[in-house]
Amino acid sequence: RPAEDVAEKRPGRLGIVRVDQGVNGLDQLRDRKLARVSRVALLVALIAALALPTTAPAKGKVFFEGTIPAGKTSVVSLTVHAPASFKVLLRVPTQGRAKLFLRGKTAPKVGPLIDTKTYSCKGAAGSFYCRAAYDPLPKGRYNWRISWTGAKPAHVELTVRW
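Remember, predicted model here, so these are calculated numbers, not experimental data.

Draft legend 1. Geometry of the pattern of salt bridges. Under the definition given, this model contains two salt bridges. Taking the shortest distance from any N to any O, the salt bridge between Arg91 and Glu157 comes out at 3.2 Å. On the criterion of sequence distance, the pair formed by Arg91 in strand S3 (residues 84–93) and Glu157 in strand S9 (residues 154–161) is long-range, its members being 66 residues apart. By relative accessible area, Glu157 is classed as buried at 19%. Among the ionic pairs, Arg97 bridges to Asp115, the shortest N-O distance being 2.5 Å. Residue Arg97 is located in strand S4 (residues 97–104), and its partner Asp115 is located in strand S5 (residues 114–115); the two are separated by 18 residues in the primary sequence.

Draft legend 2. Main features of the packing of aromatic side chains. Enumeration according to the criterion identifies four aromatic pairs in this entry. With 5.6 Å between their ring centres and 75° between their planes, Phe86 and Tyr142 make a pair best called edge-to-face. Of the two residues, Phe86 sits in strand S3 while Tyr142 sits in strand S8 (residues 140–149), which places them 56 residues apart along the sequence. The exposure classification of Phe86 matches that of Tyr142, with both residues buried. An aromatic cluster is present here, built from Phe86, Tyr134, Tyr142, Trp144 and Trp162 joined pairwise through their rings. Across from the ring centre of Phe101, 4.4 Å away, lies the NZ or CZ of Arg145, which sits over that ring.

Draft legend 3. View of the side chain of Thr159. Its location among the elements puts Thr159 in strand S9. Each residue touching Thr159, except ones within four places of it in the same chain, is listed here: Lys61, Val62, Phe63, Lys87, Val88 and Leu89.

The rules behind these values
Residues numbered from 1 in each chain as written. Predicted model: local features only at pLDDT ≥ 70, side-chain atom pairs only at ≥ 80, totals over all residues. Heavy atoms only, no water. Salt bridge = Lys/Arg side-chain N within 4 Å of Asp/Glu carboxyl O. Helix = DSSP H or I, 4+ residues; strand = E, 2+ residues; numbered from the N terminus. Buried < 20%, exposed > 50% of the residue type's maximum accessible area, 1.4 Å probe, protein only. Phe/Tyr/Trp six-rings, centres within 6.5 Å; stacked < 30°, edge-to-face > 60°. Lys NZ or Arg CZ within 6 Å of the ring centre and 35° of its normal. Contact = heavy atoms within 4.5 Å.

Structure representation (C-alpha cells):
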C-alpha cells in the first residue's frame, strides 16, 4: 500500500508517517524498544554475574553475648551444611576461669579447646581475648559450650566464623 494510506489509518505523532516506515513502522519501533530493553537486561545480568565470586565457599558467623552465672555453662548450637573450618574469638573476664568445648557427633573427642588458665589468651582492660582456628570439620550440628568457674557472673562474648 502507499504510505499515504498508512498515514490515514494509523497516523503517528501529529498525523505524520515517515515514508520509510511503511506498513510495519509501528512494529519496527516496538522491536527497537524491545531490543534496547533486552540489551540493558543482558548488561545488568552480566555485571551481576561478574560481581559475584564463582567459587566462593559459604561463609557464616554466629555471635553470642550474654551473662553466665558462677559455676554454670551456656551453649551455642549451629549447623553447617558443608565441611567448615572454624575461627573462634572468646572474650571473658580475667577474674575467673572459662573453658570452651566443642561437642557434636563429628566433633573431635578432646577436652576444652580453650581454657583461660592454660591457653595463651591476650588480656586487656579486665578481659581475656582468646583466638583459635580449627581444621575443617564435616558437615553437621555442633555445640559450643562455655563453662564459667568464677566467683561472680561473667559477661562473655563468643564469635564463631566459618
